[in-house]
Amino acid sequence: MAENVETVKGTSLWKDAWRRLLKNKLAVFGLIVMIIMIVAVIIGPAIIRWTTGFTADYIPSEGDLIKSFPPSAQHPMGTDEAGRDMLARVLQGGRISLMVGVISTIVSLIVGVSYGAIAGYMGGKIDNFMMRLVDIIYAIPYILIVIVLLSVFGGPNTPSFIQTMASTFGGGQALSQIFLLFFALGLVSWLTMARVVRGQILSLKNQEFVMAARATGVSTPNIIFRHLVPNALGPVIVYATLTIPSVMLTEAFLSFLGLGVQAPYASWGSLASDGIKNIAIYPWQLIFPGVTMALTLFSLNFLGDGLRDALDPQTRKF
Amino acid sequence: MVNDLKTYFQTEDGVVKAVDGITFELGKGETIGIVGESGSGKSVTNLSIMRLIPEPPGKIVNGDIIFDGIDVRKLSIDEVRKIRGKRIAMIFQDPMTSLNPFLRISTQLMEVTQLHLGHSKEQAYQHAIKMLETVGIPDAESRVDSYPHEFSGGMRQRVMIAMALSCQPELLIADEPTTALDVTIQAQILELIKNLKSEFGTSVILITHDLGVVAGMTEKIIVMYAGKVFEIAPTAELFSTPANPYTKGLLKSVPDPAHEQGKDLYQIPGLPPDVAHLPPGCPFQPRCYRAEELCVQEFPPFVQINENHRSLCHFAKEVYAESIAEKADKVAVV
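First things first, this report covers the structure right here in the doc. (Residues numbered from 1 in each chain as written. Chains lettered and ligands numbered in written order. Predicted model: local features only at pLDDT ≥ 70, side-chain atom pairs only at ≥ 80, totals over all residues. Heavy atoms only, no water.)

1. As for the packing of aromatic side chains
Residue and element names in this part refer to chain B. Scanning all chains against the criterion turns up nine aromatic pairs over all chains. Considering the side-chain rings of Tyr225 and Tyr246, the 4.6 Å spacing of their centres and the 55° angle between planes classify their relative orientation as tilted. With Tyr225 in strand β9 (residues 220-225) and Tyr246 in helix α10 (residues 245-253), this pair connects stretches of sequence that are 21 residues apart. As far as burial versus exposure is concerned, Tyr225 and Tyr246 are alike and both buried. Ring pairing ties together the aromatic residues Tyr225, Phe230, Tyr246 and Phe284, which thus form one cluster. (Phe/Tyr/Trp six-rings, centres within 6.5 Å; stacked < 30°, edge-to-face > 60°. Helix = DSSP H or I, 4+ residues; strand = E, 2+ residues; numbered from the N terminus. Buried < 20%, exposed > 50% of the residue type's maximum accessible area, 1.4 Å probe, protein only.)

2. Thoughts on helix α3 (residues 105-116) of chain B
A rise of 1.5 Å per residue sets the reference length of α3(B), with its 12 residues, at 16 Å; its end C-alpha atoms lie 18 Å apart and thus fit the reference within 8%. Buried residues dominate α3(B), accounting for nine of its 12 residues. B:Ile105, B:Ser106, B:Gln108, B:Leu109, B:Met110, B:Glu111, B:Val112, B:Thr113 and B:His116 are the residues of α3(B) that are buried. Residues of α3(B) that are buried in the fold lie against α9 (220-228) of chain A together with α2 (77-83), α4 (121-134) and α6 (153-165) of chain B. (Expected span 1.5 Å × (residues − 1). Contact = heavy atoms within 4.5 Å.)

3. Describing the packing of helix α3 (residues 86-122) of chain A against helix α10 (residues 233-256) of chain A
Residue and element names in this part refer to chain A. The N-to-C vectors of α3 and α10 enclose an angle of 130°; their axes lie 8 Å apart at closest approach. Relative to α10, α3 is oriented oblique. Crossing angle aside, the handedness with which α3 passes α10 is right-handed. Side by side, α3 and α10 meet where Ser97, Leu98, Val100, Gly101, Val102, Ser104, Thr105, Ser108, Leu109 and Val113 of the first sit next to Val236, Ala240, Thr243, Ile244, Val247, Met248 and Glu251 of the second. Broken down by class, the residue content of the contact of α3 with α10 amounts to 10 nonpolar, six polar and one charged. (Axes fitted to C-alpha atoms, helices over the stretch in contact; angles between N-to-C directions. Parallel < 35°, antiparallel > 145°, perpendicular 65-115°, else oblique. Left-handed = near helix turned anticlockwise from the far one by under 90°. Nonpolar A, V, L, I, M, F, W, Y, C, P; charged D, E, K, R; others polar.)

4. As for the pairing of strand β7 (residues 171-175) of chain B
Residue and element names in this part refer to chain B. Along β7, five of the five residues are buried, which leaves the element largely enclosed by surrounding structure. Across four bridges, the pairing between strand β6 (residues 88-91) and β7 is parallel. What sits directly across from Met90, in β7, is Ile173. With five bridges connecting them, β7 and strand β8 (residues 203-208) associate as parallel partners. In the sheet register, Ala174 faces β8, and the bridge partner there is Leu206. (Pairing = 2+ DSSP bridges.)

5. Quick notes on a nonpolar patch on the surface
Among the surface-exposed residues, A:Ile35, A:Ile38, A:Val39, A:Ile42, A:Ile43 and A:Ile47 lie close enough to one another that they form a single nonpolar patch of about 520 Å² accessible area. When its relative accessible area of 48% is taken as the criterion, A:Ile35 is described as partly exposed. (Patch = residues over 30% accessible without salt bridge, like charges linked within 9 Å, V, L, I, M, F, W, Y side chains within 5 Å. Areas by Shrake-Rupley, 256 points an atom, 1.4 Å probe, with all protein chains shown as cover. Salt bridge = Lys/Arg side-chain N within 4 Å of Asp/Glu carboxyl O.)

6. Comments concerning the pairing of strand β10 (residues 228-234) of chain B
Regular strands place side chains that alternate from one sheet face to the opposite one. Residue and element names in this part refer to chain B. Counted residue by residue, β10 has six buried out of seven residues, so it is predominantly covered. Pairing geometry for β9 and β10, over six bridges, is antiparallel. Looking at β10, one finds that Tyr225 is bridged to Lys228. Linking two consecutive strands that pair antiparallel, namely β9 and β10, is a turn of two residues; a positive phi of about 50° is found at Ala226 within it. Direction of pairing for β10 relative to strand β12 (residues 309-312): antiparallel, over a ladder of two bridges. Bridged to Ile232 within β12 is Arg310.

This is the structure we're talking about:
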């Protein structure tokens, strides 16, 4: 026997998927743009403040008659109609937009995965009841639900737990409005997730390893969340990455209508909404937030598609 | 000990009597074999013992399952869970699908002992390595963190056995443990079960449709057909002097190496019956070589041949006498 046989470390699923992802040019592009975007919105506002002194709320040109300056060295994206630096506002708005996307997706992940997994594993009447409930909620236009939720619980009627959450982050009414938006969007986007997970669990639960786990005395919650959910993770991740852009788009849409994020906070949607008023005179006020958002959404979709191909090689098309 | 166990399944096609009144006893350290064709209720019997029958549609409608003085049927599901894996363990048919592909071998082995023996992570990890060594996996320490797909079928079955024996159960149910493996691995796995059995003093229920497997392993054999026990006898006696036409058919179906090439192999004619629609008479009657009018009309009695040997047939005594005569013939020829 050879003594120095190198033990081959098996490539894990994740390593394999990562390699496949790197072969996909569009997905890599999306990944790079997303990394730049995330870094920019996290540290960008601080850098701008440090170099030029502008913040999202700072109005440098107090007293001038015209406050909307076109892009220049000082203001790379120009200023908005109140004279605030657009770059700072776009980055600030990006924070909110990305946060809405990520947090709402996490809410939908938690709700959707547990709901779908329980329905799928329990089966029978419980499954039937749970999934019919999903069907009913599905039948109502989700945008309607969000609008109703926002207008009923918005303003002074915000549930107290959201208000306390907002105030722990040092924000007032406007911030709790954003938190409300997270929950409202999360609570309507879990439906498809629940269906995806349920389908996965249904096909997994009759496999022998589940029976083997039961035969060794593992409890039902443990079987669902330790043995079954990890096996369904691939499609869940893919679906989650595709949920983020769709939630962001919904948020932009709501903010555009004036229902979502409100001043002094900004999101790409509300920036675009402000910009559209002056589209003929100051087009940069619409173009910059619009392009930034479009770039981000494209990147996220490319990344999501790439991940789907990477994590689910069977359905890969050539 | 299992007494008059009946497990029925409610289907759209009527009630399927998958297991219909099976009774047997198993002493400490003993091995019993259950043989029969596909669909004869072998697996359902054992799932019933573990209370793993999906309800609905399945239901254990009658009988007692007494394990070490405990009636398993009367326990709550939480109490059953404490027995599963700890005192009664199970090895499954297909090692390729019985391990969770997403979890490391160590995680799956540790889960059992953490659950039942209250091991800490470190203890459980050491125990997992020890168990892998016991079942003969080389280089256990480095392989324990592998994923199931890095193991071959035989190695996975060893892992399953390691998992089943982790808590030193008093009863091991092996549901066709070697069907999915090739013959050499089969022999190794059986040898392993045999050795571990004598080491730990475990009782074993061995389910199989391979008569060769049970011959060398068991003290007693149950022959099942259509959810019923057709014959129960000590292994040697069942092979030499069967008292049931079905058992005789099974034994004759085993290919003989001396069999002349080109000649057809023996097989029992027909197919196993649909257990949802059994005729009133003997379920084996349409396929039986010595069926008579009586067999169509009346369900056969369970005839006691001698102390340990019983057979479900109207003509059990006659078949038994026949077998003895044949045996005498063979001896005379030799």
